[in-house]
Amino acid sequence: MRAISSELALQIGVSLGSLVSYFIVILLVLVILSSAIKVVREYERGVIFRLGRLIGAKGPGLFLILPMADKFIKIDLRTVAFDVPHQRVITRDNVSVDVDAAVYYRVYEPTKAVVQVENYLQATNLLAQTTLRDVLGQVELDDLLIKREELSKKVGAILDDYTDPWGIKVMTVAIKDVSMPESMLRAIAKQAEAEREKRSRIIMAEGELLAADKMAQAADHYMSSPFAIRLRELQTLTDIAREKNMVVVTTTTQGEEIARIVGMVKSVKTEGKEAR
């Protein structure tokens, strides 16, 4: 009986050992499969290094790698919006301003973004700040305020040339705001007021010049036709009479002409009374 019980115990021990071994093997297989199976989304790519050598980029979807031999780096291909912090810029005419901008870029070559630069996000952000200060420091304040769109395109083109070897495409650069000290704002307001005053004086002078030309032309016509100036004088006196003025001033010295004028004035007044 003792021999049978010991043999049974031995068989049970062997069975338990086999089960534990199987469990360990299955667990190892699951661990290896979980580390070997990789899934990346539609907007991601996986850059794979095998024993230190670049294999390439895979994805999207499901793929396998060799555990312990392959290193997997996930890269996001979506557009990154980077808000450039306040940049103190000294313009070409020695004016200090604070500039806010935004940079939009994306990775179009995942392998270059991993191999060519250590941290492509940090490198692109720092390069954007430096390029913005360099470009805006070469223009005057008036150009910075007026040609903001052109300067944004110039900064974007320069930044795109620098980041192209990194597999990064700069979509656009937008200069959002330009802040200036209060003293500079007051100076700009005075300059704008002086500019408006200048334009108004020029317009008035042009109007005076045009009026003088017309008056000179009228004088030439009057000189060629003496009766025309006389008719104009009479028309002026008629207008004065309509306003019921008590005194009529005339430059003529001829009695007959004065009598005719007085008679004309009296007739106009009489017609006015009858009309009432």
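Residues numbered from 1 in each chain as written. Predicted model: local features only at pLDDT ≥ 70, side-chain atom pairs only at ≥ 80, totals over all residues. Heavy atoms only, no water.

Student: Explain a nonpolar patch on the surface to me, and be specific about the residues and the numbers.
Tutor: A contiguous nonpolar surface patch, about 1,100 Å² in accessible area, is contributed by Leu-19, Tyr-22, Val-25, Ile-26, Val-29, Leu-30, Leu-33, Ile-37, Val-39, Leu-62 and Leu-64. Those elements that provide at least two residues to the nonpolar patch are helix 1 (2-36), strand 1 (37-40) and strand 4 (61-64). Considering every element that reaches the nonpolar patch, the biggest residue donor is helix 1, with seven residues. You can see Leu-64 is positioned in strand 4. (Patch = residues over 30% accessible without salt bridge, like charges linked within 9 Å, V, L, I, M, F, W, Y side chains within 5 Å. Areas by Shrake-Rupley, 256 points an atom, 1.4 Å probe, with all protein chains shown as cover. Salt bridge = Lys/Arg side-chain N within 4 Å of Asp/Glu carboxyl O. Helix = DSSP H or I, 4+ residues; strand = E, 2+ residues; numbered from the N terminus.)

Student: Now, about the sheet that holds strand 6 (residues 80-90): what can you tell me, with residues and values included?
Tutor: Spatially, three strands are ordered 6-7-8 in an open sheet, and the strand pairing comes out antiparallel. Each edge of the sheet is formed by a strand with only one pairing partner; in this case those strands are strand 6 and strand 8 (168-179). Going from strand to strand, the sheet's axes swing by 25° on average, the running direction of each strand aside. Each of strand 6, strand 7 (96-107) and strand 8 is contacted by helix 3 (residues 120-136), which is oriented at about 35° to strand 6, the strand it contacts most. Packing of helix 5 (residues 148-163) onto the sheet brings it into contact with strand 7 and strand 8, and relative to strand 8 it is tilted by some 145°. (Pairing = 2+ DSSP bridges. Axes fitted to C-alpha atoms, helices over the stretch in contact; angles between N-to-C directions. Contact = heavy atoms within 4.5 Å.)

Student: Could you give an account of the sheet that holds strand 2 (residues 44-50), with specific residues and numbers?
Tutor: Pairing is antiparallel across the open sheet formed by three strands, whose spatial order is 3-2-5. Every other strand in the sheet has two partners, leaving strand 3 (53-58) and strand 5 (70-76) as the edge strands with one partner each. Averaged over all neighbouring strand pairs, the angle between strand axes comes to 20°, with direction disregarded. In the sheet, strand 2 pairs with strand 3 via five bridges, with the strands oriented antiparallel. From the neighbouring strand, Phe-49 faces strand 3, where its bridge partner is Leu-54.

Student: Tell me about the side chain of Asp-70, residues and numbers included.
Tutor: Within the secondary structure layout, Asp-70 lies in strand 5. A polar atom in the side chain of Asp-70 sits 2.7 Å from the side chain of Arg-50. Of note is the side chain of Asp-70, whose polar atom sits 2.8 Å from the backbone nitrogen of Leu-66. Asp-70 has contacts with Ile-48, Phe-49, Arg-50 and Ile-65, leaving out every residue within four places of it along the chain. (Polar contact = N/O pair within 3.5 Å; in protein donor to acceptor, adjacent residues only side chain to side chain.)

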